[in-house]
Number of protein chains: 2
Amino acid sequence: MKKIFTRSSVDPGAKENFLNETLFHNANGYIGVRGCLEEGVPNGTDTMRGIYINGFYDIIPMKQAEMLCNFVDKKETMLNIADTMTVNCVVDGEIFDILTGLVIKHTRTLDMEKGITKREVVWEAPSGKQIEITSVRMTSFEMLSLFSIEYTVKALNFEGDVRLISVHNPDVTNYSDPSDPRLAAESMRNLDVKDIYADGESSIAIAQARTSGLRVCSLVHHALTAHDGAAVRSNATEILGKQGVYTGNVHLGKGSSVTLEKLCLFSDSVRAREPAGRAVRELDTVLSNGLPYYYKKQEAYLKEFWSNCEMEIDGDDDMQNAVIFNMYELLQSAAKDSHASIAAKGLSGEGYEGHYFWDTETFILPFFTLTNPALSKMLLRYRYSTLDKARENAGLLGHKKGALFPWRTITGTECSGYFVSGSAAYHINADIAYAFVNYYITTGDLAFMREAGMEVLLETSRLWMDLGCYNENGDFVLNVVTGPDEYTCMVNNNYYTNVAAKYNLCWTLKIHRLLREAGLLGDLDEHLGITDEELAGFGRAAEAMLLPYDEHLGINPQDDSFLSKPVWDLAKTPKDHFPLLLHYHPLHLYRYQVCKQADTVLAYFMFENEQSRDVMIRSYEYYEKITTHDSSLSTCVFSIVASRLGLKEKAYAYFGDSAKLDLLNTHSNSMHGIHTANMGGCYMAIVNGFAGLRVTEEGISLAPSLPKDWNGYKFKFVYRGRLLKVAIDKEAVTITLLAGDDLTIRVFGKWVGLEGKREKRIQMEE
Amino acid sequence: MKKIFTRSSVDPGAKENFLNETLFHNANGYIGVRGCLEEGVPNGTDTMRGIYINGFYDIIPMKQAEMLCNFVDKKETMLNIADTMTVNCVVDGEIFDILTGLVIKHTRTLDMEKGITKREVVWEAPSGKQIEITSVRMTSFEMLSLFSIEYTVKALNFEGDVRLISVHNPDVTNYSDPSDPRLAAESMRNLDVKDIYADGESSIAIAQARTSGLRVCSLVHHALTAHDGAAVRSNATEILGKQGVYTGNVHLGKGSSVTLEKLCLFSDSVRAREPAGRAVRELDTVLSNGLPYYYKKQEAYLKEFWSNCEMEIDGDDDMQNAVIFNMYELLQSAAKDSHASIAAKGLSGEGYEGHYFWDTETFILPFFTLTNPALSKMLLRYRYSTLDKARENAGLLGHKKGALFPWRTITGTECSGYFVSGSAAYHINADIAYAFVNYYITTGDLAFMREAGMEVLLETSRLWMDLGCYNENGDFVLNVVTGPDEYTCMVNNNYYTNVAAKYNLCWTLKIHRLLREAGLLGDLDEHLGITDEELAGFGRAAEAMLLPYDEHLGINPQDDSFLSKPVWDLAKTPKDHFPLLLHYHPLHLYRYQVCKQADTVLAYFMFENEQSRDVMIRSYEYYEKITTHDSSLSTCVFSIVASRLGLKEKAYAYFGDSAKLDLLNTHSNSMHGIHTANMGGCYMAIVNGFAGLRVTEEGISLAPSLPKDWNGYKFKFVYRGRLLKVAIDKEAVTITLLAGDDLTIRVFGKWVGLEGKREKRIQMEE
């Protein structure tokens, strides 16, 4: 089926526009362009008009109400770098604007095979003249610095003059909303335009971030092409103040049209010594290849992408579309070079200020590790490059050894202003370690463990040793940390954190052993100061790690004191009091058994071997009753674990909530950007949930189930150099080894050899 | 002995000046004037040049790094209102300045019987001319709005012209230090001069706080008197910009002198509808009485004050002086009207921004309740007047009923920016309730309980009921609160908080019963919605209140999880890492057994009947080892409890640390203001500690001990309309009923009747 997503509405109401700015944004992992209307929105309606570069930031003050020792008081923030999307169209003196005249058609399309967005408008001016405007936009995967607009105007029922005014404005600020803690509270001017000049058909601007000193170049090149007898009368680029303004005048016959090709190139001083020079060189390349070349390359890139992660759902088009959309958005969001990562909102908006969280490693990397391990490796390498800053961060929090990765960051510096549910979320250390291990298990890439993984595992393990201690019973305990659930903070022995730390410690030993056995250790022990004694200490702590268990309820308490608190009465909580975080002081929330998101339940997915199925079932049902899913990271996890526990209906219901989160804007904030972690979680809900895929040291196993409304589903993944396809229908699961060496996998617990015929069909089980 | 405190130094070094600004400040509970040098300090040296009005504030933004729901984002801050202390002296063209010329004598004196400060300087100008400057300052207890300076210049070895330039500057800002969390981080201009004009010998200025809108008038009146043949040549007041400048020119013969009398009157719109009108009227009163009248009244006021709280230590002059100084400072600090209270730093400086904390009720009111109950009552009435704001504050923290007093405030609004060790310190509710109860027990003033106490007890009790819940064992528990020790935050069942809440609940029932029995209830039940069921609920919760006890150690753990944490190694902590709060991130501190101050130990003083002596001894020794006393509220408490537990040497050592805290600047921040709570604590360390005074429902009891270096000590106190004197020496304790009805008290556990002879001498016990 076609991977196309379309929305039509002739209602010029701005609410939908605001959400569409996110849903129809273009991004390639380097640049992101919000899907804002070329002509701008009506006055007074909400818009976040932005173009961003992944990893391009300024440092802004973050004043603390009370400045205690080593509190973070400045943060990195992703900057809006320029507005190069503005095009205005004037038809015989009447300006195109969806609020005046009549909108006869307004359709927006995201084509996920071609990698473009398209906007089609038919508009009747107050005078009765009708035009059709078609705008095609692309951020190129081939040329990461390129954002293009092809803006075509056609005279439908008249002959007349059309003027196109295209603006290049590097003098921009960021969006702000002081009422929402998830957005920047103040719109500060952080970018100074240092220079802007015209050069032939181009305008070139250099701007500099005020505190970080980073420089960015935006270059805009215009070309006007008349079709079917239209005639270009004049066109020119001029600099007006701090803006580049291109004006093209065209005479259109009835039925004829004109296309403005706007090529926007971006370059920044994180990646280039001379951003302007690079942008000019890259424009030359683009002009010599021509835009159609990049359309072709875009399609080819996506063909390759989909070939490894193809996913089909038979019998549920809505879900199919949602899943495809989510995977495409993840591709758009992921950095394609080693200077950046994947922000919580990708490059689709300014929510969470472009920061990277645990979301990347825990929720998104599993997708890439299974479909594009090279990309996963690059993202892990980026995290590894911040290890020194993580060591500094550990020091700021009083640790004498080890590294603590920041809760939110761009360059590796902690940017969380509320440490209670920020820096205190030590589990991010184990999440990152887990991602390295998962990458190794899935790819077998031991060399990368030698290069980066071992050091990350070691330094995170050292942190656990410095953080934790043995209690009088001989248990290894981790006190005063915050687990994934942000409605409970600064507790002792958060189950998730402890079990994740245990895994972290164990795998530090395993990877070290594997490196030694493979003769890859070299001087690593000496270089990193690893001693047998230290490793033995890791082993003892892992062995003794306290994993809270309540005999009476037969569940894992979220932490030492969780069960002693009263249960929040969700039934009696008014509907408009959700999400609770916007309606209750955190101190109040901390006093109840109420969860923003999966916490212990997430541990059952990631570290499933630590508890019996009975314990997990009881815990699942316990936590389900007290979880609000106010976090977008929650329902996907509840779906995965429901699948694993055989709770099929719940698995499907939670999956549905997760899959459509952004498309239906169920969290009411998709206007500020997509929820990338949920998109990764949604993928896992199918592959690791419904299909029951597990990739462990012992190999691959599957235990598929089929949601009852589906006829079947298919997906592909890569494993240690092989490409596999899994197809599930009502009768059977068919596994095909599309490429790579023979393999034996387990299906429903039985070993199945994929050799010779390379395709096996196994009966479904209940 | 004379109550005089003197410091001399001819070293113009500014460090001592900065501390002396605090130690020699003048205050009367309404206005406070830092003891800054009239001529100003040398450039580049630190000074906090300020005059303050108790309860006069502006509201300033307190931006939160991350603005979560109902976080406090603005605060009240005490304003520096004007500089009326500046006087410059020019001797034949040479300006008096301690950095030029030669300082031959520089003595500062605080006379606590006369209620004045005096500064005496003998200075030789570079030309060799010597002058003697004497400055006498007073803030009047008789006329609270009056601050006076008598500035006398005497020509010692020359004949010549002296010019006195006296400035009245209402255009001032507050002090700031961004590196210290206990001070304002930014000096903002919060006061706008609305008008300044000259009127005869006066300059009158009106200024307004920018956000609160409060207005303040400062009025300065000058009079010049020549002595011994000196001749006034000219004098005039003029307005230069926003300042009033008085210039007086005098010709002095050798040995003759001139005195500038500077009368400064302050009035504010919290207390007066027309501050300027009131200031002018009060100046008229002062002029008609003359300054000597106010000196006499000052002395009489202090005679009365000392007569009720006389305290003598025989054999330890240093301690004697320290104790007298502390009591005097408390008198200076305490509001004398119902518009304000006692700030953490009194009116001596800007530390903690003029905020009122639990310090007032817990550490200072006990002194006034025993020596000046009328003043205590007024301070309690002030707290009562903020009850509605405390109800609002409870609502902001999610409580459906009850009131929660703010952790720091001026008008009753929460001004704490870091809720973790601010608003979460719920114990302040019980501390305030305790002060009401203590006032009642000591005075028998049931009418005031009817007027205010009952409602405070009720609303605080309601808050405990809303905060707490019953656990599965049937214990009433209080979760996620912060106790007095700020190095451990957001814990379950802090021992101090729980036992204090229990007392609060019990006394709500008792006072209600007493009011009913006295026929004073009236319509109070109806008015406050009190039902028998609610009262029964209080009783059940108090009865079931969980008071943590550790069987193994036989101590009361500070909270549920305290003992599970590792013990901080104080011995290995570098000396320059104290106070820990300036060197370690709070999250790090929270993870250890380390206490900033007395917490459980404080509970043993205030609620001593809950535990056996053995438990208290073991706990005391346990907590002593892990307490840094980084808080100024700590050593006094350790002293009191040591006395009660018979640990005499410890009691004396801690008392010494407490008594001289400000005089020796042992916490290195007395420059920013005195530590009023410690001063109150120091008083209690003698009266409730060494002398073992207990005032309970059953009456008064004493169990004195004598510090081994002392020959004896004496003190007075009032109890239910009686004035008592207690004198302890090596052989005996002598109790004298100086005024009031017969009384029976317990000494060393035995009942002693104070009737007939009204003085009893009882042998000391070991």
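Thresholds, definitions, all that
Residues numbered from 1 in each chain as written. Chains lettered and ligands numbered in written order. Predicted model: local features only at pLDDT ≥ 70, side-chain atom pairs only at ≥ 80, totals over all residues. Heavy atoms only, no water. Helix = DSSP H or I, 4+ residues; strand = E, 2+ residues; numbered from the N terminus. Rg over C-alpha atoms; globule rule 2.2 N^0.38 Å. Buried < 20%, exposed > 50% of the residue type's maximum accessible area, 1.4 Å probe, protein only. Contact = heavy atoms within 4.5 Å. Areas by Shrake-Rupley, 256 points an atom, 1.4 Å probe, with all protein chains shown as cover. Lys, Arg positive; Asp, Glu negative; His and termini not counted. Charge placed at Lys NZ, Arg CZ, Asp CG, Glu CD. Pairing = 2+ DSSP bridges. Least-squares fit on C-alpha atoms with pLDDT ≥ 70 in both. Axes fitted to C-alpha atoms, helices over the stretch in contact; angles between N-to-C directions. Parallel < 35°, antiparallel > 145°, perpendicular 65-115°, else oblique. Left-handed = near helix turned anticlockwise from the far one by under 90°. Nonpolar A, V, L, I, M, F, W, Y, C, P; charged D, E, K, R; others polar.

(A) Layout of the overall build of chain A. Each helix and strand in chain A was counted, giving 18 helices and 29 strands. Here chain A has a C-alpha radius of gyration of 27 Å; the compact-globule value for 766 residues is 27 Å, and the two agree. Along the three orthogonal principal directions, the C-alpha set of chain A runs to about 85 × 65 × 60 Å. Each of the 766 residues in chain A was classed as buried or not, and the buried ones make up 66%. Taking all contacts inside chain A whose residues are at least 6 apart in sequence as the whole, residues at least 24 apart take part in 67%. Taken as a whole, chain A presents about 26100 Å² of accessible surface, with 48% of it coming from carbon and sulfur. For chain A, the distance from the average position of its 77 positive side-chain charges to the average position of its 100 negative side-chain charges is 2 Å.

(B) Expanded view of the sheet that holds strand E2 (residues 26-27) of chain A. With antiparallel pairing, four strands are arranged side by side in an open sheet as E2-E3-E4-E5 (chain A). Two strands bound the open sheet, and with one partner strand each, they are E2 and strand E5 (74-80) of chain A.

(C) Seen up close, the relation of the copies chain A and chain B. After a rotation of 180° and a shift along the axis of 0.0 Å, chain A superposes on chain B with an RMSD of 0.0 Å. Here the two chains are linked by the operation of a two-fold rotation axis. Among all C-alpha atoms of chain A, that of Gln64 of chain A lies closest to the rotation axis, at 2.8 Å. Residue by residue, 100% of the interface of chain A is reproduced at the interface of chain B, so both copies engage with the same surface.

(D) Region of the structure containing the side chain of Asn556 of chain B. All names here are of chain B. Summarising the element assignment, Asn556 is placed in the loop between helix H12 (532-544) and helix H13 (586-589). For Asn556, a relative accessible area of 0% translates into the label buried. Beyond its immediate sequence surroundings of up to four residues, Asn556 is in contact with Tyr495, Pro548, Tyr549, Thr600, Tyr604, Gln611, Val615, Ser619 and Tyr623.

(E) Seen up close, the packing of helix H6 (residues 373-385) of chain A against helix H9 (residues 446-467) of chain A. Residue and element names in this part refer to chain A. Interhelical geometry of H6 versus H9 gives an angle of 50° and a closest axis separation of 10 Å. It follows from the interaxial angle that H6 and H9 lie oblique. Remark: the crossing between H6 and H9 carries left-handed chirality. Where H6 abuts H9, its residues Lys377, Leu380, Arg381 and Tyr384 lie against Phe448, Glu451, Ala452, Glu455 and Val456. When the residues that make up the contact of H6 with H9 are grouped by side-chain class, the tally is five nonpolar, no polar and four charged.

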